[in-house]
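Per-entry structural report
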Amino acid sequence: MDQKPTLDIVYMAISALYNNPNTSEKERASQWLGDLQKSVHAWTIADELLHHKADLESCYFAAQTMRTKIHQSFHELPFEVHSSLRDSLLDHISKITETTNPIIVTQLSLALADLILQMPIWQKATLDLVNRFSQSHLWPLLEVLIVLPEELEIRSVRLGENRRIEIQADFKCCAPTVNEFLKHCCSNYSTNLHENVHLNVKIIRCFTSWVSVGAIQLEDVSDNSVVAHALNVLCYKQESEKHPPILGALHDAATECLCTLLRCLESNNNQHSLEMFLFNSILNFEVPYHLSVANEDQDKSMNYCRIFTELGESFLDKIVNAPLNQPHFAIKVFDLVLLCVGHHDYEVAEITFNLWYLLSEELYNRKDKTTTELYRPYIERLVTALCRHCQIEPDHEGLLDEGDDFKDFRLKVSDLIKDVVFIVGSCSCFRQMFMNLQVPGVTWESTEAALFVMQAVAKNVLPSENDVVPKVVEAILNVPENTHIAVRHTSVLLLGQLCEWIEKHPETLDMILNFLVYCLPQQGIGAAAATALQSICGTCGDHMPGHIPVLVHLLRQVDTFAITNNAVIGLLTGVAAIVSCMPHRDVTSALRELCYMQLTPLMQLIEQDVVPVRGTKSDPVLWVDRLAAIFKYVTISVEDGEQHPCKPIILEVWPIISKIFDKYQNDIRIMERVCRTMRYMLRCVSQQVREILESLVGQIMRLYLAHKHSCFLYVGSILVDEYATDATCVQGLLEMLQTFLAPTFELLQGENGLRNHPDTVDDFFRLCTRLLQRAALPFLKCTAIDHIIQCAILASTIDHREANITVAKFLCDFVGSSKSSRNQNDFCERSELVKKLLNKYGQQMMTNLIQASVFYLHSYMLSEIGDLVLALCDYDRELASSWLYAALETLPKDGGNGVITVSSQQLNEFHFKVIGSETSKSITHALKDLSRLYR
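A brief structural summary. (Residues numbered from 1 in each chain as written. Predicted model: local features only at pLDDT ≥ 70, side-chain atom pairs only at ≥ 80, totals over all residues. Heavy atoms only, no water.)

A tally of regular secondary structure across the protein gives 47 helices and 0 strands. Its C-alpha atoms give the protein principal-axis dimensions of roughly 90 × 80 × 65 Å. Evaluated residue by residue, the protein yields a buried proportion of 54% over its 935 residues. If you take every contact in the protein between residues at least 6 apart in sequence, the share linking residues at least 24 apart comes to 74%. Only carbon and sulfur atoms are counted for the fraction: they give 50% of the accessible area of the protein, which is about 41,100 Å². Looking at charge distribution, the protein has the averaged site of its 79 positive side-chain charges lying 4 Å from that of its 113 negative ones. (Helix = DSSP H or I, 4+ residues; strand = E, 2+ residues; numbered from the N terminus. Buried < 20%, exposed > 50% of the residue type's maximum accessible area, 1.4 Å probe, protein only. Contact = heavy atoms within 4.5 Å. Areas by Shrake-Rupley, 256 points an atom, 1.4 Å probe, with all protein chains shown as cover. Lys, Arg positive; Asp, Glu negative; His and termini not counted. Charge placed at Lys NZ, Arg CZ, Asp CG, Glu CD.)

Below you can see the structure in the form of structure tokens.
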């Protein structure tokens, strides 16, 4: 947008966006206003709209635009207009009244907060705001004071660590004034909990915000009137209907205040008096919690549960590490938390899960049976309560639906029980649930819940257990047909989880298999039977080869059953695992049967030219995925010189796979699945199918030239991995790489090519890495090596996790190949080639790595960069030192606006740490510290 539009045009666009019923006109208006917001004219337009106050929509657009510009485009403004922008914003804030829309107030407050953070010449801005607005504009003042620390804490603005430290110091200077201001507000507005609720919420939230960033110190919290006010809110008991309940927003604000204090307490270990004060105060919430349950006020119940859980997490380390003969006073918190687990609604119980995970981790790491035994009663009560929560509604028909919230909760319960069950013992838990099943008159939903918990711990039950498990298995095998389907479904899944016990009791195998085969065609429990069969086949493979004919017969009918394709694939993986345990002489015929069940329909689709419909039997992916599962799970070891029993089948399958490649070459989805199948076929027999090598390589080269599907690069990397150690194959594989280069570089050199094609980057450099690992010298001597290295250096800035890891790994192996001595015969020549390339590109590589670490990559992606920087240091520390020094010189030293982003001393310290480092971990820490200076 080159020219500034008139206000009339802007008003028309805003009106069209909010009021025009024509969708296309709305979209046009939205696009135009978006372009306006990106332009430099947005600054003055937003300011003028706010001054005119024509209507709600234009004021909202203006406030939101002002905030967005300050947040994302503050660099557009010259330094000399910062003060006038500040004055203008303060003027807008001063015109806020009780009738102003809260959204506009929030946006203007955020705009002012982001300006303060980015305007170092405005020191102690908080004091200016309090002095100017505390008497007349309390609402907007509190809003600004709430969001100011929040904006700093969530790191939404790129300030750099130095500026953050300055702001933290500024906040601490201003904190006493803010504290006094909030106390004054409290004394004026908190006497009646049912009046001035809006302001009371803001007062508590403001205090919470300033505590959260460490500005208000914990030392004087005990006698702070805002904390007292928050506790008063949470202790409030509604005596009768004449006394109205506390509004939810105020209760939420008080809850967040207490939780924040507890979190801060966790990181400040020398606050004993505050610990006692908060603990004793929170103990008083037990009665209000019971009242919230009685009043069916679930939101408040959840708030109390949050506080109890946060209290437990804050004190956990001290509780667990207390002497056994003198338990920590805060151990009572587990009773409070279990009180909440016993709430009738499972959403309340779910809030506590993280505490139990943390307790489990602490006890597991201690490996102290005596300490663990101390917590056994709590976990027994927890499991009992969770079992009750897992009960399905008595009038529920059928199974729980996929995506159902309650089903998701039960899965979380299963994961939690698996994590904590060691505290009580799996056999003990299993036995307790079995006893629950013996209770006279037990309902179907209680039975199903107990079986569900048993299913969670079944794999940890000792295979030698001969008391309860045989009775459970017998009961499942004899479950009546008219039993609720949910009970039968969970029972079948439980059998699958008992696979390790079944393996040690092979006498039970026949009747269990017969039962599962009988269940497989049944509506509703077929998928569970398939899952159970997969587990048993995978675990009991040595006992299963005799059952192959029955299972193959079953697989021929499987598409008539009401089960998903994923369940069928699960069955196939189980049967494939059994095939792996068969004598080699029997493998070929069994594998042929399994494969042709998938190949026959595939050939029919090709011959009849059927149009694929996704997710149906006309979709080649359905059959190809099944074929992939077979080859993935048939794992057979052969002696040197022995023919692999799967080889004849792969030679038969390849021509059909080749036809699928040609037939569906335009469909990337199908091509990816076929390439995946090809991967498992090649891995299955390793180097034993040279017969197909030439035709396979020729085909993937031809198809890649035509379509640039990156999955063909992936197949190429598998071929290199398997065959590049054979000197007779290396030249052909290098020619394959050479063919791939032109279309790959064409794709990646386009606009945003690296960012838009991360899969190609990932697969291409995986191919190059494997060539470097398997045939380093021929690869380093290829004519395109310079272009490949340059491309890798550019790709090191890509912020796609997998692609960046692959690129860094390639460069790391490249640098390391100058030192490696895996093949002494070519070591000198290899080392010389790498040296020549690093003399050319080493500086560029180091510069890009530093730039990527600071400006492009997430902090969790820096460990691979650390590996690569260490490799460069190990190659030649003196040379790496000069490269690093030059790379650091390219970084901006200040961010404008008078902010020093990084000092020379900090850069020197970083340089010293990196060059002196002997480990990748220390370099990664240094890179993270450097990146924080720019974020």
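It is worth spelling out the pattern of salt bridges at this point. For the structure shown, the criterion picks out 48 salt bridges. One salt bridge in this structure joins Lys4 and Glu48, with 2.9 Å as the shortest N-O distance. Here Lys4 is found in the segment before helix H1 (7-19), whereas its partner Glu48 is found in helix H3 (residues 42-52), with 44 residues between them in sequence. Ionic pairing is found between Arg263 and Glu310, a salt bridge with its closest N-O pair at 3.2 Å. (Salt bridge = Lys/Arg side-chain N within 4 Å of Asp/Glu carboxyl O.)

Quick look at unusual backbone geometry now. In this structure, Lys367 takes a positive phi of about 55° despite not being glycine. Looking at Lys367, the relative accessible area reads 63%, which means it is exposed. Backbone geometry places Ser686, a non-glycine residue, at a positive phi of 55°. Taking relative accessible area as the criterion, Ser686 reaches 32% and is therefore assigned partly exposed.

Helix packing for two helices is described by the angle between their axes and how far apart those axes are. Two elements in contact, H1 and helix H4 (residues 56-73), have axes separated by 10 Å at closest approach and are oriented at 105°. It follows from the interaxial angle that H1 and H4 lie roughly perpendicular. Within the contact between the two elements, H1 uses Val10, Tyr11, Ile14, Tyr18 and Asn19 and H4 uses Glu57, Ser58, Tyr60 and Phe61. Taken together, the residues of the contact of H1 with H4 sort by class into 6 nonpolar, 2 polar and 1 charged. (Axes fitted to C-alpha atoms, helices over the stretch in contact; angles between N-to-C directions. Parallel < 35°, antiparallel > 145°, perpendicular 65-115°, else oblique. Nonpolar A, V, L, I, M, F, W, Y, C, P; charged D, E, K, R; others polar.)

Once that is clear, we can look at the environment of Leu772. Inspection of the secondary structure assignment puts Leu772 in helix H39 (residues 758-774). We classify Leu772 as buried; its relative accessible area is 1%. Separated by 706 residues in sequence, Leu772 and Met66 place their C-alpha atoms 53 Å apart.

If you check helix H8 (residues 138-153), its first and last C-alpha atoms are 23 Å apart, about what 16 residues at 1.5 Å a residue would give, namely 22 Å. With respect to burial, H8 is a largely interior element, 14 of its 16 residues being buried. (Expected span 1.5 Å × (residues − 1).)

A separate point is the packing of aromatic side chains. Geometrically, a pair of aromatic rings is defined through the distance of the ring centres and the angle of the planes. All chains considered together, the criterion is met by 23 aromatic pairs. These aromatic residues form a ring-pair network of at least three members: Phe745, Phe764, Phe765, Phe779 and Phe810. It is Arg86 that lies over the ring of Trp122; its NZ or CZ is 5.2 Å from the centre. The side chain of Arg410 reaches across the aromatic face of Phe452, ending 4.1 Å from its centre. (Phe/Tyr/Trp six-rings, centres within 6.5 Å; stacked < 30°, edge-to-face > 60°. Lys NZ or Arg CZ within 6 Å of the ring centre and 35° of its normal.)

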